[in-house]
Amino acid sequence: MKYNEIGVFMDRDGTVSKEIGYVNHPARYELLPRTSLAIKRLNQKGIKAILATNQAGVARGYFEEEMIGRVHGKLEALLEADGAYLDEIYYCHHHPRVGEGKFKKDCNCRKPKTGMLDQGAEELDLDLKKSYMIGDKISDVEVGHKVGAKGILVLTGYGMGAYKEERDSWQVEPDYIAEDLLDAVEWILMDIEESEQDA
Ligand SMILES: [Mg+2]
Ligand SMILES: [Zn+2]
């Protein structure tokens, strides 16, 4: 099987939207300033824009699973108003140690496990080795590297703290450290152009 497309996986809270703790209502959900512009750039280049978010608030009992859909409905509406869209949204509602029933699970999708990226590769025909993962935690970088993609840390959300306070304990090194999502996307577009020239 040959995979052809390039994908950019994006963490949600602190990367695409403001990190405000558990988003238990769409009213709390706000995009970061340059998010629509960043995603629009990917759309225009034919690069798959994919959300990959851990939402253990369901397992923790902070909100119902249905709330995730409502929040993502708002996310998509906000992007659409700016002429941008996501190709796919993946979320993990599990937690390995808390929750009840199907939510308490040592699943394969909770980052830094790779399930959401693997699923994206299958469903969107992605070449993960040519793909990218962007997030505000070093675990986002880690999950990217696990599948052979490049990992970018953004300094929005938890990123600044991760960079300034925790850098000595990082087990992985980001391929790029970006001011925000747009900066990350601009670096990616440059990186793709360079690798196409080398090819
Ligand atoms: Mg985050
Ligand atoms: Zn999961």
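Structural data are supplied above this passage.
Predicted model, so just to flag it, every value in this text is computed and none were measured. (Residues numbered from 1 in each chain as written. Chains lettered and ligands numbered in written order. Predicted model: local features only at pLDDT ≥ 70, side-chain atom pairs only at ≥ 80, totals over all residues. Heavy atoms only, no water.)

**Some remarks on the coordination of the magnesium ion (ligand 1)**
Donor atoms from the polypeptide that bind the magnesium ion (ligand 1) are Asp11 (OD), Asp13 (O) and Asp136 (OD), placed at 2.1 to 2.2 Å. Read N to C, the donor residues that coordinate the magnesium ion (ligand 1) are spaced as D-x1-D-x122-D. Residue aspartate 11 is found in the loop between strand 1 (7-10) and helix 1 (35-45), and its partner aspartate 136 is found in the loop between strand 4 (132-135) and helix 4 (138-146); the two are separated by 125 residues along the sequence. (Donors = N, O, S within 2.8 Å, 3.2 Å for Na, K, Ca; no water. Helix = DSSP H or I, 4+ residues; strand = E, 2+ residues; numbered from the N terminus.)

**Quick notes on the pairing of strand 1**
Of the two faces of strand 1, the one carrying Gly7 and Phe9 and the one carrying Val8 and Met10 are both buried. Bridging between strand 1 and strand 2 (residues 48-54) involves four bridges; their strand directions are parallel. Counted as the bridge partner of methionine 10 is leucine 51 from strand 2. Note on the crossover from strand 1 through helix 1 to strand 2: the handedness is right-handed. Relative to strand 4, strand 1 runs parallel, the two being bridged by three bridges. Bridging across to strand 4, methionine 10 finds its partner in isoleucine 134. (Buried < 20%, exposed > 50% of the residue type's maximum accessible area, 1.4 Å probe, protein only. Pairing = 2+ DSSP bridges. Right-handed = clockwise from strand over helix to strand, strands pointing away.)

**Looking at the pairing of strand 4**
The alternating pattern of strand 4 places Tyr132 and Ile134 and Met133 and Gly135 on opposite faces, both of which are buried. Pairing analysis gives four bridges linking strand 4 to strand 5 (residues 150-154), with the strands arranged parallel. Bridge pairing links tyrosine 132 to lysine 150 in strand 5. Handedness of the crossover is the feature at issue here: the chain leaves strand 4, passes through helix 4, returns alongside strand 5, and the resulting connection is right-handed.

**Digging into the coordination of the zinc ion (ligand 2)**
Tetrahedral coordination by four donors sets the ideal angle at the metal to 109.5 degrees; octahedral coordination by six donors sets it to 90 or 180 degrees. Distances from the zinc ion (ligand 2) to its protein donors, Cys92 (SG), His94 (ND1), Cys107 (SG) and Cys109 (SG), fall within 2.0 to 2.3 Å. Relative to the metal, the four donor atoms surrounding the zinc ion (ligand 2) lie at angles of 101 to 119°, and the coordination shape comes out tetrahedral. Here the donor residues for the zinc ion (ligand 2) map to a single chain with the spacing C-x1-H-x12-C-x1-C. (Tetrahedral: all angles 85-135°; square planar, octahedral: opposite > 155°, others 65-115°.)

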